[in-house]
Amino acid sequence: MVFITILGAIAVGWVYESSSKDKITRPELEIPTDIDFFLTQLNYRVFNKSGSLAYQLQSPYLEHFIKDDISRIEDPMIQIYLASGDWQVKASRGNIIHQQEWVELDKDVVMQKMGAKSIQVQSDSIIFKPDQDLVSSKTTVIINTGRAKITGDQAIFDLRNEVYSLKNTRAIYYHANI
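Here goes a summary of the coordinates provided. Please read these numbers as outputs of a predicted model, since none were measured by experiment. (Residues numbered from 1 in each chain as written. Predicted model: local features only at pLDDT ≥ 70, side-chain atom pairs only at ≥ 80, totals over all residues. Heavy atoms only, no water.)

Charged atoms that come close allow side chains of opposite charge to pair. Under the definition given, this model contains four salt bridges. Measuring nitrogen to oxygen at the nearest pair gives 3.1 Å for the salt bridge that ties Asp 106 to Arg 93. You can see Asp 106 sitting in strand S7 (residues 102-113) and its partner Arg 93 sitting in strand S6 (residues 93-97), a full 13 residues away along the chain. The partner of Asp 153 in a salt bridge is Arg 170, with the nearest N and O atoms 3.4 Å apart. A residue pair is termed long-range when its members are at least 10 positions apart, and Asp 153 in the loop between strand S11 (148-152) and strand S12 (154-158) and Arg 170 in strand S14 (residues 170-173) qualify at 17 residues. (Salt bridge = Lys/Arg side-chain N within 4 Å of Asp/Glu carboxyl O. Helix = DSSP H or I, 4+ residues; strand = E, 2+ residues; numbered from the N terminus.)

Another aspect to go through is unusual backbone geometry. With a phi angle near 60°, Glu 101 is a residue other than glycine that sits in the positive phi range. For Glu 101, the location among the structural elements is in the loop between S6 and S7. For Glu 101, a relative accessible area of 58% gives the class exposed. Phi is positive for Lys 107, close to 70°, though the residue is something other than glycine. (Buried < 20%, exposed > 50% of the residue type's maximum accessible area, 1.4 Å probe, protein only.)

Where strand S1 (residues 35-47) lies against strand S2 (residues 53-65), 11 bridges are found, and the strand directions are antiparallel. Directly across from Phe 37, in S2, lies its bridge partner His 64. Taken together, S1 and the strand that follows it, S2, pair antiparallel across an intervening segment of five residues, in which Gly 51 is found at a positive phi of about 95°. (Pairing = 2+ DSSP bridges.)

With that settled, the discussion passes to the environment of Asp 153. Accessibility expressed as a relative area gives 28% for Asp 153, which makes it partly exposed. Separated by 14 residues in sequence, Asp 153 and Lys 167 have C-alpha atoms that sit 5.5 Å apart. If we skip the residues at most four places from it in the chain, Asp 153 touches Lys 138, Thr 139, Thr 140, Lys 167, Asn 168 and Arg 170. (Contact = heavy atoms within 4.5 Å.)

A general trend in soluble globular proteins is that nonpolar side chains are found buried together. Counting 29 residues, the largest nonpolar core has Ile 78, Ile 80, Val 89, Leu 105 and Phe 157 as the members making the most contacts within it. Excluding residues within four positions of it along the chain, Ile 80 makes contact with Ala 54, Tyr 55, Gly 85, Asp 86, Trp 87, Val 89, Phe 128 and Leu 159. (Core = buried A, V, L, I, M, F, W, Y, C linked by side-chain atoms within 4.5 Å.)

Structurally, the position occupied by Ile 172 is in strand S14. Judged by relative accessible area, Ile 172 falls into the partly exposed class, the value being 46%. For the pair Ile 172 and Ile 150, spaced 22 residues apart in the sequence, the C-alpha separation amounts to 6.4 Å. Ignoring sequence-local partners within four residues, the contact set of Ile 172 consists of Arg 147, Ala 148 and Lys 149.

Right, let's get into the environment of Asp 86. Inspection of the secondary structure puts Asp 86 in the loop between strand S4 (77-80) and strand S5 (87-90). Assessed through its relative accessible area of 32%, Asp 86 is described here as partly exposed. Taking the C-alpha atoms as reference points, Asp 86 and Gln 112, 26 residues apart in sequence, are found 8.6 Å from one another. For Asp 86, the residues in contact, after removing those within four places along its chain, are Ile 80, Tyr 81, Gln 112, Lys 113 and Met 114. Here the side chain of Asp 86 touches Leu 82 through a polar contact of 3.4 Å, landing on its backbone nitrogen. (Polar contact = N/O pair within 3.5 Å; in protein donor to acceptor, adjacent residues only side chain to side chain.)

Scanning the model with the defined rule gives four aromatic pairs in all. Arranged with centres 5.4 Å apart and planes meeting at 90°, the rings of Tyr 55 and Phe 128 form a pair that is edge-to-face. Note that Tyr 55 is positioned in strand S2 and Phe 128 in strand S8 (residues 119-129), a separation of 73 residues in sequence. In this structure Phe 128 comes out as buried when scored by relative accessible area, which is 2%. (Phe/Tyr/Trp six-rings, centres within 6.5 Å; stacked < 30°, edge-to-face > 60°.)

Pasting the structure below:
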């Protein structure tokens, strides 16, 4: 009787193990241990010395990583307010580098100057340096003005002084029929 019970237990264990191998296993949810806080519906505003709004950062989600001292942001939008004209920058994701106080944006970056002299800039990634009102990109940049399409391998946009510098530039100008 003991022998039959042991043989039965081995058979049940073998059947159970073979049936559990057929199940799809999912990886466990990884929860980062180095996040000290996260924010939802972020609306961060920075004012200049005269008390005027300098720029505004909005994002549906931000998480801060202690070790690298960076914040990762989803779908960021930055509004930059300058006397020379306002700019709006959107991307799919980004990082705030707290040590340098820079904002890196990547994936589907679109930067647009608002107003009568509107221009649109597209790139894979940019770095915004708010203390200098400077935007730079080390990847291909495409500028559309409505009258021209300008492409450069790299770019620096001095937004405060309205000086734009591109490297290895190619341009197509559209002639308007009058």
